[in-house]
Amino acid sequence: MIKIEKEILDLVNDCEKDCIEKFKEIEDIEFQNQLKVLNAFNEHEIQSYHFIGSSGYGHNDIGKTKISDVFASIFHTESAFVSPLISCGTEAISQSLFGILRPYDIILSISGRPYDTLKNILFGVEGKNVGSLKDYNIHYHEVDLKDGDFDIPAIKEAIIKLNPKIVYIQRSRGYTLRNALNIAQIKRAVEAVKSVTNAYIVVDNCYGEFTETLEPTDVGADLVIGSLLKNMGGGIAPTGGYIAGKEELIELISYKMTSPALGTDIGSYELGYKAFFEGLFVSPHVVAQAKKLVILTSVVMSRLGYKTIPTINDTLSDIVSCIEFNDKNTLIKFTRAIQHASAIDSNTTLEAGEMDGYEDLIIMASGSFNQGSSIELSCDGPMREPFAGFLQGCLSYQHGKIGLMNAIQTLSK
């Protein structure tokens, strides 16, 4: 049973007064994105029979075709591939890279080292041939961000020197202590890249969808990739991922997803597509709820003396709030309190442990209806200094607010 003490309730409600102007800005963005989604549904004349699944080979699977068409319209791209058979964002990124790249090709990350789970994809496992990019003699290089932004001179220099096939951008922060890269920054980087190369610009768009009115493909990116367990699934899609961009790239990636002989012509999902259409439809609203929690978290935790990223004055380009605790036990207490404020598995007492794809021990609160759903209220962090927690998602702002209250109340004891 969660009981919020009056002192905590008054503190958070008072902090909420400072968020009113920012909340209105978030609602304005939500309106524009909801209109965009509605128009995409109407453009492709979505009907209830498009929810029906298929079996076997999945030939003539109209639901799969239609939801892919809707995604392409939302991202203003030539094509898209949306599938429940993609388990997560990491898999979607992996399949995309392997679909496009060939031996001795080069991938250049211009946003620094990607998220921890991509390490084995890029570099493999020492002493094992796991089928990583490195195992296929595909070479990886990176250019670090400079003061949280793209280092344009260094990027141009690296491109001229390396001649990469893919220029890669990770929009969200991962476990780094920086803001998510916003669309204005991505636009400047895309323009700089295209001034010196015809390389494909590929963006890991996870956590960033619908946080602004434009997406990376609106400012020149060739491909965006994401998970339906994050923003675009609205907390309703039970699994899945998406890839949207140039038709030639989607075709190459589809050969990796199935086989060069088949592409997207096959692939069935007998359970049907209703949850995926519905999740997409509500996602602008759910993302707005999560963004409001980011702002509230920033104001509350800052008032309590913690450093947060982003601050209330920053452009929000993902749904994540980073809180630097500078103490392992405080991170653990905060994360456990978020778990205890969950609707599912609230009686679980968390411990830091090993997780696939991560170098450090990780503590992760995720009392979600869909396992691992990051658009639902969750909090995680690596057991390394400065012991930062990454609070993200919420299906409703009020639940996120309760979770935050429970966490700071726990810290006060």
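Throughout, residues of each chain are indexed from 1 in the direction in which the sequence is written. In view of the model being predicted, local features appear only for residues whose pLDDT reaches at least 70, and side-chain atom pairs are presented and counted only at 80 or more, with totals across whole chains, interfaces and linings using the full set of residues. Heavy atoms from the whole structure form the basis of all side-chain values; hydrogens and water molecules are not counted.

Caption draft 1: Structural detail: the environment of Leu-361. Numbering of helices and strands runs from the N terminus; a helix is a DSSP stretch of H or I covering at least four residues, while a strand is a stretch of E covering at least two. Inspection of the secondary structure puts Leu-361 in the loop between α10 (328–340) and β10 (362–365). On the basis of relative accessibility, which here comes to 41%, the residue Leu-361 falls in the partly exposed class. Sequence separation of Leu-361 and Ile-312 is 49 residues, and the distance between their C-alpha atoms is 30 Å. In contact with Leu-361, other than residues within four places in its own chain, are Ala-352, Gly-353, Glu-354, Gly-381, Pro-382 and Met-383. Note on exposure labels: buried denotes an accessible area under 20% of the residue type's maximum, exposed denotes more than 50%, and partly exposed covers the range between, all computed with a 1.4 Å probe on protein chains only. The contact criterion used is simple: two residues touch if any of their non-hydrogen atoms lie within 4.5 Å.

Caption draft 2: Summary view of a negative patch on the surface. On the surface, Glu-78, Glu-247, Glu-248 and Glu-251 cluster together to form a negatively charged patch. With respect to the element layout, Glu-247 can be found in helix α8 (residues 247–257). For patch building, the residue pool is restricted to those with more than 30% relative accessible area and no salt bridge; the joining distance is 9 Å between like charges and 5 Å between nonpolar side chains (Val, Leu, Ile, Met, Phe, Trp, Tyr). Areas reported as accessible are Shrake-Rupley estimates using a 1.4 Å probe. Residue values count occlusion only from the protein chains shown. Basic side-chain nitrogens of Lys or Arg form a salt bridge, by our definition, when they fall within 4 Å of a carboxyl oxygen of Asp or Glu. In this tally, Asp and Glu contribute negative charge and Lys and Arg positive charge; neither His nor the terminal groups of the chain are included. For charged residues, the charge sits on one atom: NZ in Lys, CZ in Arg, CG in Asp, CD in Glu.

Caption draft 3: Spotlight on the packing of aromatic side chains. Aromatic rings from Phe, Tyr and Trp, with only the six-membered ring used for Trp, were paired whenever their centres fell within 6.5 Å, and each pair was classed as stacked if the ring planes differed by under 30 degrees, edge-to-face if by over 60, and tilted otherwise. Taken as a whole and judged by the stated rule, the model has 16 aromatic pairs. Look at Phe-71 and Tyr-242: their rings are 5.4 Å apart centre to centre, the planes differ by 40 degrees, and that puts the pair in the tilted class. Of this pair, Phe-71 sits in helix α3 (residues 62–75) while Tyr-242 sits in strand β7 (residues 241–245), and the two are 171 residues apart along the sequence. By way of ring pairs, the aromatic residues Phe-41, Phe-51, Phe-277 and Phe-281 are connected into one cluster. Here, a charge over a ring means that NZ of Lys or CZ of Arg falls within 6 Å of the ring centre while also lying within 35 degrees of the ring normal. Above the face of the Phe-23 ring, Lys-292 is positioned so that its terminal group lies 5.6 Å from the ring centre.

That's the geometry; what it means functionally is another story.
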